[in-house]
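Chain residues, written in single-letter form:
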Amino acid sequence: MTSHSLVPQSPALRLPVAQMRNVFHPGDVERKLARLQESGNQREYETLRTVYERMLERGPERFQVKPSGVPDMASLYEQLPNFTEVLDDVKRHVALAQDSSDGLEVTPMLLLGPPGIGKTHFARHLAELLGTGMNLLPMSSMTAGWLLSGSSAQWKGARPGKVFEALVEGEYANPVIVVDEIDKASSDAQYDPLGALYSLLEYDTAQSFTDEFAEVAIDASQVIWITTANDTRGIPDPILNRMNVFEVEAPTLDQARTIARNLYQGIRAGHDWGRLIDPEPLDDVLDHLAQMPPREMRRALMTGFGNARLDRRSTVEITDLPKAATGRSRIGFVQ
């Protein structure tokens, strides 16, 4: 697939740099549509015809974006202190793409660690860094491989897969696609929910990935793949071998306080009512939040902000925060 520069790179430019890249060949779609019309089964394959027409209407070009400079990552190290090793890997890939016309290539990664430590949160921040979109695929709810790669148009209720939709209906040639809880993917003898990943995670085969519904080659080679898991059991070795595996530990207490402070300030800055809240949280509030998994901190802070405003106060006090839930395991901290 071809690409051409849209925005010239400049050392002073701090916005994402973009190129345009073709994610499919219109000629392939035109031939498929012509054969469909000649077959006389337009009513039977109305959904497929609509997909082909939609592809031709939108055209093949999508934005391929990358950060304009490696220093853009500095804030991520502060916001995600327990993801330093992962960020170092991304930083190396970003550095390779600088001062060149090359797109950003990131080796597929597996974030391995206990629930609630911020793996999906990291993926969302990475998508923001790259200036591209993020698609979340929760594998715990996927029971058939066709959800990734589409199902044959011959089947009733057939439709394209999630990868096809992300590239054809989306704006980007290199979206971040998060395969969440890949270790919880269920499978049976008929369908393998991870089967499509064997080709999607390989650069060469991903360049001409064929969705089973549309049967048109799609360039998925620029997709940035992030998978998450609690452990590697249930993940086939050939898939593990296609990814860089990072064991993400729970944050230390100091790191958890940093995460809580950044969340406090981020939520406050993102809302107009934030001007009515103190710019800095109290120490005991941070200590209380630091005992929670990162995914729970935001909910606790929203409760705290709300309670403070109910009392017409600008300061969030520890009594404004929800008490720790009983009967639930807390995240362990690294000493």
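Anyway, here's the lowdown on the structure attached to this text. Predicted, not measured: the structure shown is a model, and the values here were computed from it.

## Overview of helix H2 (residues 46–58)
In a regular helix each residue adds 1.5 Å, so 13 residues correspond to 18 Å; H2 covers 18 Å between its end C-alpha atoms and thus fits that length. Taken residue by residue, H2 has Leu48, Arg49, Val51, Tyr52 and Met55 as its buried positions. Within H2, the buried residues cover an arc of 160 degrees as seen down the axis, which keeps them to one side. Among the structural elements, helix H1 (26–39), helix H7 (162–168) and strand S8 (217–218) are those in contact with the buried residues of H2.

## Notes on the nonpolar core
With 46 residues, the main nonpolar core has Tyr52, Met55, Val163, Ile182, Leu197 and Trp225 as its most contacted residues. Where this core is concerned, the elements lending two or more residues are H1, H2, strand S4 (109–112), H7, strand S6 (176–180), helix H8 (197–200), strand S9 (224–229) and helix H10 (237–240). Sorting elements by how many residues they give to this core places H7 first, with five residues. In terms of nonpolar packing, the next biggest core, distinct from the first, is built from 27 residues, Met73, Ala123, Leu126 and Val248 among them.

## Some words on the environment of Ser101
Within the secondary structure layout, Ser101 lies in the loop between helix H4 (84–97) and S4. Taking relative accessible area as the criterion, Ser101 reaches 57% and is therefore assigned exposed. In sequence terms Ser101 and Gln19 are 82 residues apart; their C-alpha atoms lie 8.6 Å from each other. Discounting chain neighbours no more than four positions away, the residues touching Ser101 are Gln19 and Lys66.

## Focus: the pattern of salt bridges
On inspection of all chains with the given rule, the structure shows 18 salt bridges. Residue Arg58 pairs with Glu171 through a salt bridge whose shortest N-O separation is 3.1 Å. Here Arg58, found in helix H2, pairs with Glu171, found in the loop between H7 and S6; they are 113 residues apart in sequence, far enough to count as distant. In this structure Glu171 comes out as partly exposed when scored by relative accessible area, which is 42%. A salt bridge links Arg159 to Glu165; its shortest N-O distance comes to 2.4 Å.

## Some remarks on the packing of helix H11 (residues 253–269) against helix H13 (residues 294–310)
At a closest axis distance of 10 Å, the pairing of H11 and H13 adopts a crossing angle of 45 degrees. Taken together, the axis directions place H11 and H13 in an arrangement best described as oblique. When the axes of H11 and H13 are compared, the crossing they make is right-handed. Two secondary-structure elements touch here, H11 through Ala256, Ile259, Ala260, Leu263, Tyr264 and Ile267 and H13 through Pro294, Met297, Arg298, Leu301, Met302 and Phe305.

## Thoughts on the side chain of Lys119
Examined against the element boundaries, Lys119 turns out to sit in helix H5 (residues 119–130). For Lys119, the side chain forms a polar contact with the main-chain oxygen of Gly113, separated by 3.2 Å.

Calculation criteria
- Residue positions within a chain follow its written sequence, with the count starting from 1.
- The predicted origin of the model limits local features to residues at a pLDDT of at least 70 and limits the giving and counting of side-chain atom pairs to 80 or more, whereas totals for whole chains, interfaces and linings rest on all residues.
- In computing side-chain properties, one takes all heavy atoms of the structure into account and sets aside hydrogens as well as water.
- Numbering of helices and strands runs from the N terminus; a helix is a DSSP stretch of H or I covering at least four residues, while a strand is a stretch of E covering at least two.
- Expected helix span is given by 1.5 Å per residue-to-residue step, counting one fewer step than there are residues.
- For every residue, the accessible area obtained with a 1.4 Å probe (protein chains only) is divided by the maximum for its type, and the residue is called buried under 20%, exposed over 50%, and partly exposed between those limits.
- Summarising the geometry, the arc corresponds to the directions from the helix axis toward the C-beta atoms.
- Whether two residues touch is decided by their heavy atoms; if any such pair falls within 4.5 Å, the residues are in contact.
- What is meant by a nonpolar core is a set of buried Ala, Val, Leu, Ile, Met, Phe, Trp, Tyr and Cys residues, joined one to another through side-chain atoms within 4.5 Å.
- Basic side-chain nitrogens of Lys or Arg form a salt bridge, by our definition, when they fall within 4 Å of a carboxyl oxygen of Asp or Glu.
- Lines are fitted to the C-alpha atoms to define the axes, a helix being fitted only along its stretch in contact, and any angle between axes, read from their N-to-C directions, falls within 0 to 180 degrees.
- Any angle that falls under 35 degrees is termed roughly parallel, while one over 145 is termed roughly antiparallel, one within 65 to 115 roughly perpendicular, and all others oblique.
- A crossing counts as left-handed when the near helix is turned anticlockwise from the far one by less than a right angle, and as right-handed when that turn is clockwise.
- The term polar contact refers here to a pair of N or O atoms within 3.5 Å; inside protein, the definition further demands a hydrogen-donor-capable atom paired with an acceptor-capable atom, and it admits residues adjacent in sequence only when both atoms are side-chain atoms.

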